Every structure is written in C-alpha cells, then in structure tokens.
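What the coordinates show
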Amino acid sequence: MHRLVEFTFDHHRANEVFIRLVMIENVHKGRHLSESSLIARVDASAIERIEDICARGQKDGSIRPDVSPHELHWLISAACFFNVSNCFSFGISFDKSLFSEPGQHRLRALTCDAVISAARGKTS
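Cut-offs used in this document
- In this numbering scheme, every chain counts its residues from 1 along its sequence in written order.
- Confidence filtering applies because this is a predicted model: local features only for residues at pLDDT of at least 70, side-chain atom pairs given and counted only at 80 or more, and all residues used for totals across whole chains, interfaces and linings.
- Water and hydrogen atoms play no part in the side-chain values, which are based on all heavy atoms of the structure.
- Strands here mean DSSP runs of E at least two residues long; helices mean DSSP runs of H or I at least four residues long; both are numbered from the N terminus.
- Per-residue accessibility, obtained with a 1.4 Å probe over protein chains only, is compared with the maximum for each type, and a residue is labelled buried under 20%, exposed over 50%, and partly exposed between these values.
- Throughout, a residue-residue contact means that at least one pair of heavy atoms, one from each residue, lies within 4.5 Å.
- Residue-level accessible areas treat just the shown protein chains as cover; the underlying method is Shrake-Rupley with a 1.4 Å probe.
- Working convention for charge: Lys and Arg count positive, Asp and Glu count negative, and His plus the chain ends are omitted.
- Where a charge lies is defined by one atom per residue type: Lys uses NZ, Arg uses CZ, Asp uses CG and Glu uses CD.
- Here, expected helix span is obtained from the residue count minus one, scaled by 1.5 Å.
- Any pair of nitrogen or oxygen atoms within 3.5 Å is treated as a polar contact; in protein, a donor-acceptor pairing is required on top of that, and neighbouring residues in sequence qualify only through side-chain atoms on both sides.
- Pairing of aromatic rings covers Phe, Tyr and the six-membered ring of Trp, with a centre-to-centre limit of 6.5 Å; geometry is then stacked below 30 degrees between planes, edge-to-face above 60, and tilted otherwise.
- Residues grouped as a nonpolar core are buried Ala, Val, Leu, Ile, Met, Phe, Trp, Tyr and Cys residues, joined through side-chain atoms within 4.5 Å.
- To get an axis, a line is fitted to the C-alpha atoms, and for a helix only the part in contact is used. The angle between two axes follows their N-to-C directions and goes from 0 to 180 degrees.
- By the definition adopted for this analysis, an angle is roughly parallel if under 35 degrees, roughly antiparallel if over 145, roughly perpendicular if from 65 to 115, and oblique otherwise.
- Left-handed is the label given to a crossing in which the near helix is rotated counterclockwise from the far helix by less than a right angle, and right-handed is the label when the rotation is clockwise.
- Residue polarity follows a fixed list, in which Ala, Val, Leu, Ile, Met, Phe, Trp, Tyr, Cys and Pro are nonpolar, Asp, Glu, Lys and Arg are charged, and the others, Gly among them, are polar.

**As for the overall build of the protein**
- In terms of helices and strands, the protein carries six helices and zero strands.
- Counted from the first residue to the last, the protein has its helices and strands arranged as α-α-α-α-α-α.
- Considering only C-alpha atoms, the protein reaches an extent of 45 × 40 × 20 Å along its principal axes.
- The 124 residues of the protein split such that 25% are buried.
- A separation threshold of at least 6 residues defines the contact pool for the protein, and within that pool the share at least 24 residues apart is 69%.
- Summed over all atoms, the accessible surface of the protein reaches about 8,500 Å², with 60% contributed by carbon and sulfur.
- In the protein, the 15 positive side-chain charges and the 15 negative ones have mean positions that sit 2 Å from each other.

**Here we look at helix H4 (residues 69–85)**
- Over its 17 residues, H4 runs 23 Å from end to end, which matches the ideal 24 Å to within 8%, given 1.5 Å per residue.
- Listing the buried residues of H4 in full gives Pro 69, Leu 72, Ile 76, Cys 80, Asn 83, Val 84 and Ser 85.

**Quick notes on the side chain of Asn 83**
- Along the chain, the position of Asn 83 falls in helix H4.
- Owing to a relative accessible area of 7%, Asn 83 belongs among the buried residues under this scheme.
- A distance of 2.7 Å separates the side chain of Asn 83 from the side chain of Gln 104, its partner in a polar contact.
- In contact with Asn 83, other than residues within four places in its own chain, are Phe 9, Arg 13, Phe 99, Gln 104 and Leu 107.

**What about the packing of aromatic side chains?**
- According to the stated counting rule, one finds three aromatic pairs in the structure shown.
- Taking 5.8 Å as the distance between ring centres and 80° as the angle between the ring planes, the aromatic pair formed by Phe 82 and Phe 90 counts as edge-to-face.
- Ring centres of Phe 90 and Phe 94 lie 4.8 Å apart, and the angle between their planes is 45°; on these two criteria the pair is classed as tilted.
- Taken together through their ring pairs, the aromatic side chains of Phe 82, Phe 90, Phe 94 and Phe 99 make up a single cluster.

**Structural notes on the nonpolar core**
- Met 1, Val 5, Ile 50, Ile 63, Leu 72, Ile 76 and Val 115 are the most contacted members of the largest nonpolar core, which totals 15 residues.
- Those elements giving two or more residues to this core turn out to be helix H1 (2–14), helix H3 (37–60), H4 and helix H6 (101–120).
- Broken down by element, the residue count for this core peaks at four residues, all from H6.
- Excluding residues within four positions of it along the chain, Ile 63 makes contact with Met 1, Ile 53, Cys 54, Gly 57, Gln 58 and Ala 119.

**Re the packing of H4 against H6**
- Contact geometry for H4 and H6: axes closest at 10 Å, N-to-C directions at 165°. Of the possible angle classes, the one that applies to H4 and H6 is roughly antiparallel. Here the hand of the crossing between H4 and H6 comes out right-handed. Within the contact between the two elements, H4 uses Leu 72, Leu 75, Ile 76, Ala 79, Cys 80 and Asn 83 and H6 uses Gln 104, Leu 107, Thr 111, Ala 114, Val 115, Ala 118 and Ala 119.
- Per-class residue counts for the contact of H4 with H6 are 10 nonpolar, three polar and no charged.

**Section: the side chain of His 12**
- Tracing the backbone shows His 12 in helix H1.
- Sequence-distant contacts of His 12, defined by excluding residues within four places in its chain, comprise Ile 19, Cys 80, Phe 81 and Val 84.

And the structure:
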C-alpha cells in the first residue's frame, strides 16, 4: 500500500498536464471519459491492484474488513490529485513551503501514513 501511495503521489506530481485534463473533463461532467474504453481498462487495472492489496491485508488482519478498494482508491486519489490541482491557490492562501521539495517529501509521507491508517482502522 505504501509503494502504491508513493507511486501515485509521484506520478501525479510528474504529470501535471494529466491532472489538468482530468479537471477539464470534470467541468464537462465526464462526457468524453464515459466514451473511452482505454480509460475503463486503466481504471480497472488500478482497482485490481488495490483489490489484491485489500484481500491480502484483510486475510492477515492488517487491513480492516469494512474498507473497500474503491474507498481506498478515492482516498489516495483525493490527496494526490489535490496536491497538484490546488497547489497554486493553496500555496498562495496558506503555505508555499508545502510545495518545495522538502514540503512535498513531507506531504508524500503524511499521505502514506493517512491512507495506511485509514486502511488499518487506526484513528490516531
């Protein structure tokens, strides 16, 4: 799970154009996305990876039984996407240092911790 979150965080950071395209597609209420069979296959692959992680973790007790792969995917995507999509407004309004290399390293680690805590059911 840790490697998946790190990969997603890094991938989103390295592909800002992808994030911007997704934002535009959401403005258009997913009109083009719903017509793409390629995206459906890519999305299915991502969920399959998380399903495998969940199944193994639920079997050995390291992942709580009531969390779904879709919920974890949403949580991972939300944090990693927001990091790119809102970096300018968040940085101007709050703290630009979060978007420096040390700040990004810290946010990446916090994102991993948050997702893993949610998957395990820990509240603190």
